[in-house]
Amino acid sequence: GGDEEYGFKHILIRDVAYERLPKGRRAELHYRFVGWLSDLPTATDEFVEISAYHLEQSCLLARGVARSPIEPPLVEAAQALIGAAEKAERREGAREANRFYERALELVGEEHPEVAAELHLGRGRALARLGDMSGSFEALGWVVDHAADAGRPDLRGAALVTLAGMEVAQGQAELVRKRLEEATALATELGDRHLEVRAGYVFASLRGDFDGDLDAAMEHLSKALAVAEEAGDLRLRVEGHLRAGFFLFNKGELAGAEEQLRRCIALAEELGSFRDQARATFLLGLVQYYRGDLEEAEQLGVQTAEWLARTG
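None of the values given here were measured: they were computed from a predicted structure.

Definitions and limits used
- Residues numbered from 1 in each chain as written.
- Predicted model: local features only at pLDDT ≥ 70, side-chain atom pairs only at ≥ 80, totals over all residues.
- Heavy atoms only, no water.
- 1 Å grid on protein atoms, 1.4 Å probe; cavity = no way out; pocket = protein on both sides within 12 Å on 5 of 7 lines; lining within 4 Å.
- Points joined across faces, edges and corners; volume = space filled by probe spheres on them.
- Helix = DSSP H or I, 4+ residues; strand = E, 2+ residues; numbered from the N terminus.
- Nonpolar A, V, L, I, M, F, W, Y, C, P; charged D, E, K, R; others polar.
- Patch = residues over 30% accessible without salt bridge, like charges linked within 9 Å, V, L, I, M, F, W, Y side chains within 5 Å.
- Areas by Shrake-Rupley, 256 points an atom, 1.4 Å probe, with all protein chains shown as cover.
- Salt bridge = Lys/Arg side-chain N within 4 Å of Asp/Glu carboxyl O.
- Buried < 20%, exposed > 50% of the residue type's maximum accessible area, 1.4 Å probe, protein only.

**Topic: the layout of surface pockets**
- Empty space within the largest pocket amounts to approximately 1900 Å³.
- Lining of the largest pocket is provided by 49 residues; of these, Arg-129, Thr-162, Arg-198, Glu-239 and Arg-275 occupy positions nearest its centre.
- Going through the elements one at a time, α4 (74–90), α6 (113–129), α7 (133–146), α8 (153–169), α10 (193–209), α12 (234–251) and α14 (274–290) are the ones with two or more residues in the lining of the largest pocket.
- A breakdown of the residues in the lining of the largest pocket according to their chemical character gives 24 nonpolar, seven polar and 18 charged.
- Approximately 840 Å³ is the volume found for the second largest pocket.
- Looking at the lining of the second largest pocket, the elements with two or more residues in it are α1 (11–20), α2 (23–38) and α3 (48–63).
- Of all the elements, α2 adds the most residues to the lining of the second largest pocket, at six residues.
- Looking at the lining of the second largest pocket residue by residue, the class counts come to nine nonpolar, two polar and seven charged.

As structure tokens, this is what we get:
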């Protein structure tokens, strides 16, 4: 309110006016715009994609001239793109998130190792959700190799656990065990409860799937879930109840599995995650199928398919 606003009668006039500005001046104005935007009384991430775009343009333009009036705001641009990627992930947009991470990596390269490690971790997780396992392993492997040297052992631990979770599905039990031992040690050293819980979840899968000890697996899982509950981490609680549902289903304890899965679905709805609701609803449909309620089983299967289609 109260600001002067200028408009163009045609987009071509706007484009010509923009192109007539020297690149250095454009770089400066893109950066100044983000400063103006950040002062508006809005939600924290309401304009994060717009800020990311203008910071990115400022970097590209500043790099394209011999004597730019400003230094390319590389770290600011990368952090804004990370914020945009995380916002996309909260809305189940893995493809969109991956594009933001890729744009940030193209800007930063290896000039800022700490930021690069954060970007490779986010991209590795996004690619895993999209089913690109080779791309995910490559990105996460980069984090394992470089994060500690960049002063971010927490990112190394997160990459180790994410890799271990994927390697469980590939049957690489000894490698998984080795990664989890290091990740657990890092979690203890750093006091990182989030990492502790995620390592505990994957270790429970290892005990159940490879050692064949479902009771021990449930014990590990219950301890990790209790930490997640105490920390109030909604996303980790969703994951914990989902895993508990799978373990109890595999043990043939269908009533217990149903209880865990319905709890998971309620928490996933609170979180706003159709993807997590789908993961739990799929298994709940199988539970109801084995309990003889074919009508509900079919309805749950149809609902799952719809959610999975929506979230890619």
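Past the structure itself, the notes keep going.
**Observations regarding a nonpolar patch on the surface**
- Taken together, the side chains of Tyr-289, Tyr-290 and Leu-294 define a hydrophobic patch exposed on the protein surface, amounting to about 370 Å² of accessible area.
- When you line up the elements, Leu-294 lands in helix α15 (residues 294–311).
- A relative accessible area of 52% places Leu-294 in the exposed class.

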